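A closer look at the structure
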Amino acid sequence: MSTFQELGVIPEIQRAVTELGFEQPMPVQSEVIPRLLAHTRDIIALAQTGTGKTAAFGIPVIQKINVKQLTPQTLILCPTRELCLQIAGDLTDFSAYVEDIKILPVYGGSSIESQIRTLKRGVHIIVATPGRLIDLIKRKTVSLGDVHTVVLDEADEMLNMGFSEDIDEILSHLPEERSMLLFSATMPREIEKITRKYMLDPLEITIGRKNEGAENVRHLYFMVHAKDKYSALKRIVDYYPNIYGIIFCRTRKETQEIADKLMQDGYDADALHGDLSQAQRDYVMGKFRNHSLQLLVATDVAARGLDVDDVTHIINFGLPDDYELYTHRSGRTGRAGKTGTSIAIIHTKEKGKVVQIEKLINKQFEKREVPKGDVICEKQLFNFVDKIEKVKVNEAEIERLLPSIFRKLEWLEKEDVIKRMVSLEFNRLIDYYQQAEEIDEPKEGPLRQQKGAYNGKRSSDRDGSRQPEKGYARLFINLGKMDGINPATLMGFINDNVKGKVPVGRIDLLKSFSFFEVPEELAGKVVNAFRGMYIEDRKLIVRLAQDADSPVREKKKFFENDYGKKSKKKKVRY
Ligand code: AMP
């Protein structure tokens, strides 16, 4: 396998991607980077999100920029504002050590004046949604005469969204001598038309999905009220009597709490997380490996060292903020030709994550109802009866005791003996489920509300859709009350990690995430200061709390790349 160096990537970019945790190029990168660097020919890449395509085109386009010439030299077209910001953010990451490179995201719903001002100051790379770029072309505020590389990302999506004519128009403004790179998950006719019209003898590359969930893993989700998550977990575990599974939690604290509760409730469970000593971790892993432990409750990081082939179930006690983690988690079952089940216990606000993960793994989750008490008891009972049928009887050892046992039970009919035996095993379970209230299924809102757990507009003002104070931007952070933060620690945390003083406005602390407001002009700096940071095992996410219906709140200078370079992956405590 090649290295970034062998692909011809310059040391500045190698350093940046190494700090992002990229150890080796992914297949699409090995294919695309050297070709784009050599400027040989046009490329069509059939590749989806999750294959590493952004770096595949991002790295070479950065490297090919002549920073001394302050005109647009690369144009990247993509379908949505979110993708536009994401690509611009990724390119900013890859170019962290390339001096003076200017990357501008251009998308609808944000101030066009600010984009025009930045264009006037000069940029090297434009990442644009087609509609807004057409606006700028019409206003003659952007000149594309020096563009030598054009990338169409998610070309099929752009066509689905009706951008076909806009793309035609934009491409007609580019010089003939330029290389073109087209990424698409599918190859519909319209794309073929574009390629025939605008590409010269293109090279076609098809890249399999890195993140495609293993074929033999089923993905289920159970939606419950947040308060019912633990009871739902118990029911799910009870419903699968032969489960041999890993339960993933978000933090060490939550991991220990869930393991403790399960143990107190009589389950064969134990915890694995970074607060344990190495010896303790080895012990727990050893127990799990040799099946003397049925349920391992673990953090993502701690479970990394564990390689077990016959895990039957993965349970996500809540979904991770970093969706990639879901693929790592679910990949721990369904191995070595076996089938496996990956279960997510989510609350209503996490439905958006399910949708995002489905896109990433290219598979649908099946929605399930939390099993009712009678169904669980039945399942356990039959499993028990099955065990009775299959148990190996040690005739030699038991023989001498049998006569007195038979004499003792002789007054009972065969049915009575069976009833008593089964009750002995089941009274605890039956009692529990007779008394336990069934878990209500929360009502799901319309899909608008489900899209993106924190991005969708909700009626509550304690969410991402709340309007920030004038002059302030509202940011999302994936830390909440359950992480032990309060307004004072959050403010301290922000000011400890962002250079210069950051006045923090309104703070809304929620259970597992929060919102805070900072002056508009500092929003980009704050977001970047936290990029690549980890708290305990969790990737820290700070981003603009977006509201699709209030694009005016998309902040102007968000990714204009003229704030300081970010700090990279580091461990922090708050
Ligand atoms: P993309 O397909 O561009 O959305 O990338 C999918 C994910 O893979 C992103 O989280 C990237 O940061 C990550 N990624 C891209 N290239 C590499 C690499 N060479 N090694 C590890 N992770 C990578």
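These numbers were taken from a predicted model, which means no experiment stands behind them.

Reading the values: rules and limits
- Residues numbered from 1 in each chain as written.
- Predicted model: local features only at pLDDT ≥ 70, side-chain atom pairs only at ≥ 80, totals over all residues.
- Heavy atoms only, no water.
- Helix = DSSP H or I, 4+ residues; strand = E, 2+ residues; numbered from the N terminus.
- Buried < 20%, exposed > 50% of the residue type's maximum accessible area, 1.4 Å probe, protein only.
- Contact = heavy atoms within 4.5 Å.
- Areas by Shrake-Rupley, 256 points an atom, 1.4 Å probe, with all protein chains shown as cover.
- Core = buried A, V, L, I, M, F, W, Y, C linked by side-chain atoms within 4.5 Å.
- Polar contact = N/O pair within 3.5 Å; in protein donor to acceptor, adjacent residues only side chain to side chain.
- Pairing = 2+ DSSP bridges.
- Axes fitted to C-alpha atoms, helices over the stretch in contact; angles between N-to-C directions.
- Expected span 1.5 Å × (residues − 1).
- Bend = angle between axes of the 7 residues up to and from the residue.
- pLDDT = per-residue confidence, 0-100.
- Arc of directions from axis to C-beta.
- Patch = residues over 30% accessible without salt bridge, like charges linked within 9 Å, V, L, I, M, F, W, Y side chains within 5 Å.
- Salt bridge = Lys/Arg side-chain N within 4 Å of Asp/Glu carboxyl O.
- Phe/Tyr/Trp six-rings, centres within 6.5 Å; stacked < 30°, edge-to-face > 60°.
- Parallel < 35°, antiparallel > 145°, perpendicular 65-115°, else oblique.
- Left-handed = near helix turned anticlockwise from the far one by under 90°.

1. Quick word on the overall build of the chain
Check the secondary structure of the chain and you find 22 helices and 21 strands. Here the chain, with 574 residues, has 52% of them falling under the buried criterion. For the chain, restricting intrachain contacts to residue pairs at least 6 apart in sequence, the fraction spanning at least 24 positions comes to 77%. Here the chain displays about 27,300 Å² of accessible surface, and carbon together with sulfur accounts for 50% of that area.

2. Re the environment of P11
As for its placement among the helices and strands, P11 is situated in helix α1 (residues 11-19). C-alpha of P11 to C-alpha of Y97: the two residues are 86 residues apart in sequence and 9.0 Å apart in space.

3. Some words on the nonpolar core
One finds I59, L91, I125, V127 and F183 to be the most contacted residues of the largest nonpolar core, which totals 40 residues. Ranked by the residues each element gives to this core, the list is headed by helix α4 (residues 81-94), at 7 residues. Beyond its immediate sequence surroundings of up to four residues, I125 is in contact with V61, I62, I65, T74, I76, L91, I101, K102, I103 and L104. By size, the runner-up hydrophobic cluster in this structure holds 34 residues, among which are I112, L119, V123 and A128.

4. Thoughts on the side chain of H313
Assignment of secondary structure puts H313 in strand β12 (residues 313-317). Note on H313: relative accessible area 9%, which makes it buried. Polar side-chain contacts of H313 include one of 2.8 Å to the side chain of T312.

5. With respect to the sheet that holds strand β11 (residues 295-298)
With parallel pairing, the 7 strands of this open sheet are ordered in space as β10-β11-β9-β12-β13-β8-β14. Single-partner strands in this sheet number two, and they are β10 (269-272) and β14 (366-368). The mean angle between the axes of side-by-side strands here comes to 25 degrees, regardless of whether they run parallel or antiparallel. Summarising the sheet, strand β9 (residues 245-248) and β11 pair through 4 bridges and their orientation is parallel. By the bridge assignment for β11, I246 is matched with L296. Lying on the sheet, helix α10 (residues 229-239) is in contact with β8 (217-223), β9, β11, β12 and β13 (340-346); it crosses β12 at an angle near 170 degrees. Packing of helix α15 (residues 351-361) onto the sheet brings it into contact with β8 and β13, and relative to β8 it is tilted by some 170 degrees.

6. With respect to the pairing of strand β15 (residues 472-477)
With 5 of its 6 residues buried, β15 lies for the most part within the structure. In this structure, β15 lies alongside strand β17 (residues 514-519), joined through 6 bridges in antiparallel fashion. Opposite L475, over in β17, you have F516 as the bridge partner. For β15 and strand β20 (residues 542-544), the ladder comprises 3 bridges, and the chain directions are antiparallel. Residue L475 lies in a different strand from β20, and its bridge partner there is L544.

7. A few points about helix α19 (residues 414-435)
Taking 1.5 Å of rise per residue, the 22 residues of α19 would be expected to cover 32 Å, and the 30 Å separating its terminal C-alpha atoms lies within 8% of that figure. Bending of α19 peaks at approximately 60 degrees at the position of F426. Among the residues of α19, those classed as buried are V422, F426, L429 and Y433.

8. Thoughts on the confidence of the model for the chain
Mean pLDDT over the chain: 81, with 87% of residues reaching 70 or higher. When pLDDT is averaged over each element of the chain, strand β2 (residues 74-77) comes out on top at 97 and helix α20 (residues 447-450) at the bottom at 32. Contacts for the low-pLDDT stretch residues 445-464, under 50 throughout, to residues beyond four places or in other chains number 51 contacts. Note on residues 547-574: pLDDT is under 50 here. Beyond four places in sequence and across chains, it has 106 contacts.

9. Details of unusual backbone geometry
Positive phi, close to 55 degrees, is recorded for K140, a residue that is not glycine. Checked against the element boundaries, K140 lands in the loop between α6 (130-138) and β5 (149-152).

10. Comments concerning the environment of Y221
Assignment of secondary structure puts Y221 in strand β8. A polar contact is formed between the side chain of Y221 and the side chain of K351, at a distance of 3.5 Å.

11. Re helix α12 (residues 278-289)
One turn of the α-helix equals 3.6 residues, which is why residues spaced by three or four share an orientation. Its 12 residues give α12 an end-to-end C-alpha distance of 16 Å, which sits within 8% of 16 Å, the value for a rise of 1.5 Å per residue. Residues V284, M285, K287 and F288 constitute the buried set of α12. In a view along the axis of α12, the buried residues occupy a sector of 160 degrees, so they form one face of it. Along α12, the residues that are exposed and aim more than 90 degrees away from the buried face are A279 and Y283.

12. Notes on a nonpolar patch on the surface
Among the surface-exposed residues, I388, I418 and M421 lie close enough to one another that they form a single nonpolar patch of about 230 Å² accessible area. Inspection of the secondary structure puts M421 in helix α19.

13. Side note on the sheet that holds β15
Taken together, 4 strands build an open sheet; the order of strands is β16-β17-β15-β20 and the sheet is antiparallel. Lying at the two open borders of the sheet, with one neighbouring strand each, are β16 (507-509) and β20. When the angles between neighbouring strand axes are averaged without regard to direction, this sheet yields 30 degrees. Relative to β17, β16 runs antiparallel, the two sharing 3 bridges. What sits directly across from I507, in β17, is F516. Each of β15, β16 and β17 touches helix α21 (residues 487-497); the most contacted strand, β16, lies at about 120 degrees to it.

14. Let's talk about the packing of aromatic side chains
For the coordinates displayed, the defined rule picks out 10 aromatic pairs. A ring pair is formed by Y239 and Y240, whose centres lie 5.2 Å apart and whose planes are at 80 degrees; its orientation type is edge-to-face. Of the residues examined, Y239 reaches a relative accessible area of 24% and is grouped as partly exposed. Residue class for Y240 comes out buried when judged on its relative accessible area of 13%.

15. Overview of the side chain of S514
Looking at where S514 falls in the secondary structure, it is placed in strand β17. In this structure the side chain of S514 is engaged in a polar contact, spanning 2.7 Å, whose partner is the backbone oxygen of L479. Sequence-distant contacts of S514, defined by excluding residues within four places in its chain, comprise L475, F476, I477, L479, G480, I485, D508 and L509.

16. Thoughts on the packing of helix α3 (residues 53-63) against α4
Two numbers describe how α3 lies on α4: the axes approach to 10 Å, and their chain directions differ by 55 degrees. One way to sum up the angle between α3 and α4 is to call them oblique. Crossing hand, α3 versus α4: right-handed. Here T54, A55, F57, G58, I59, V61 and I62 of α3 lie close against α4, whose contacting residues are I87, D90, L91 and F94.

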